[in-house]
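Spelled out from the first residue to the last, the chains are:
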Amino acid sequence: MSAARAHPRGLARVWTAPAAALLALALAAALLASAGLSCGRQGSGFVCTCTYLTDRDDEYQVKVEVCAKSAEDALGKAKDCAADSPAPIQRCQCIAVEGGQCKLGECKKPEKK
């Protein structure tokens, strides 16, 4: 008779020290990899002002906050973020916000006061 007790389904329930160590190492590696992936999705914050023309050719502005890799990327993200404006967006200007990181692709419209 063997030293390990047999499970009713025929699988051994006893973990050996090397197998447990390998499992712990694999779990640690998976956690580190997922942490690294989430860090890769970090960007910088930008405050952008986008303009659009009304049917009377009046120029209006909408402010948005976006998270992007670069200032150039922020322009495109701002235009997409402001796309629900009453008319097509003509252009956007973005200024980087100092401090902190944000989730890449984030888009917010500040509340009007």
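Residues numbered from 1 in each chain as written. Predicted model: local features only at pLDDT ≥ 70, side-chain atom pairs only at ≥ 80, totals over all residues. Heavy atoms only, no water.

**Points about the pattern of salt bridges**
This structure, assessed with the given rule, holds two salt bridges. For R91, the salt bridge goes to E59, with nearest N and O atoms at 2.9 Å. Remark: E59 occurs in strand 2 (residues 59–68) and R91 occurs in strand 3 (residues 89–96); sequence separation between them is 32 residues. Judged by relative accessible area, R91 falls into the partly exposed class, the value being 45%. (Salt bridge = Lys/Arg side-chain N within 4 Å of Asp/Glu carboxyl O. Helix = DSSP H or I, 4+ residues; strand = E, 2+ residues; numbered from the N terminus. Buried < 20%, exposed > 50% of the residue type's maximum accessible area, 1.4 Å probe, protein only.)

**Observations regarding the packing of aromatic side chains**
Taken as a whole and assessed by the stated rule, the structure comprises one aromatic pair. Aromatic side chains Y52 and Y60 sit 6.1 Å apart centroid to centroid with 25° between the ring planes, which places their arrangement in the stacked category. You can call Y52 buried: its relative accessible area is 10%. Judged by its relative accessible area of 42%, Y60 falls in the partly exposed class. (Phe/Tyr/Trp six-rings, centres within 6.5 Å; stacked < 30°, edge-to-face > 60°.)

**Side note on the environment of V66**
Relative to the helices and strands, V66 resides in strand 2. Separated by 38 residues in the primary sequence, V66 and L104 place their C-alpha atoms 8.3 Å from one another.

**Quick notes on the confidence of the model for the chain**
Across the chain, the average pLDDT comes to 77, with 62% of residues at 70 or higher. Between residues 31–38, whose pLDDT stays under 50, and residues either more than four places distant or in other chains, the model counts zero contacts. (pLDDT = per-residue confidence, 0-100. Contact = heavy atoms within 4.5 Å.)

**Here we look at helix 2 (residues 71–81)**
Here helix 2 has its buried residues at A74, A78 and C81. The buried residues of helix 2 all sit within an arc of 60° when viewed along its axis, so they share a single face. Among the exposed residues of helix 2, those oriented more than 90 degrees off its buried face are E72 and D80. Those residues of helix 2 that are buried lie in contact with strand 1 (42–53), strand 2, strand 3 and strand 5 (107–108). (Arc of directions from axis to C-beta.)

**Some words on the pairing of strand 1**
As paired elements, strand 1 and strand 4 (residues 102–103) share two bridges and run antiparallel to each other. Following the sheet pairing, Q42 is matched in strand 4 by K103. The loop that links strand 1 with its antiparallel partner strand 2 comprises five residues; one of these, D57, has a positive phi angle of about 60°. Pairing of strand 1 with strand 3, which is carried by seven bridges, proceeds in the antiparallel orientation. Each bridged residue has a counterpart across the sheet, and for C48 the counterpart in strand 3 is C94. (Pairing = 2+ DSSP bridges.)

**Comments concerning the nonpolar core**
One recurring pattern in soluble globular proteins is that nonpolar side chains are buried together. Formed by 15 residues in total, the largest nonpolar core has its most connected members in C50, V64, V66, A78 and I89. Sorting the residues of this core by element identifies strand 1, strand 2, helix 2 and strand 3 as the ones contributing at least two each. Look past the residues within four positions of I89 in its chain and what remains in contact with it is C50, T51, Y52, V62, K79 and A82. (Core = buried A, V, L, I, M, F, W, Y, C linked by side-chain atoms within 4.5 Å.)

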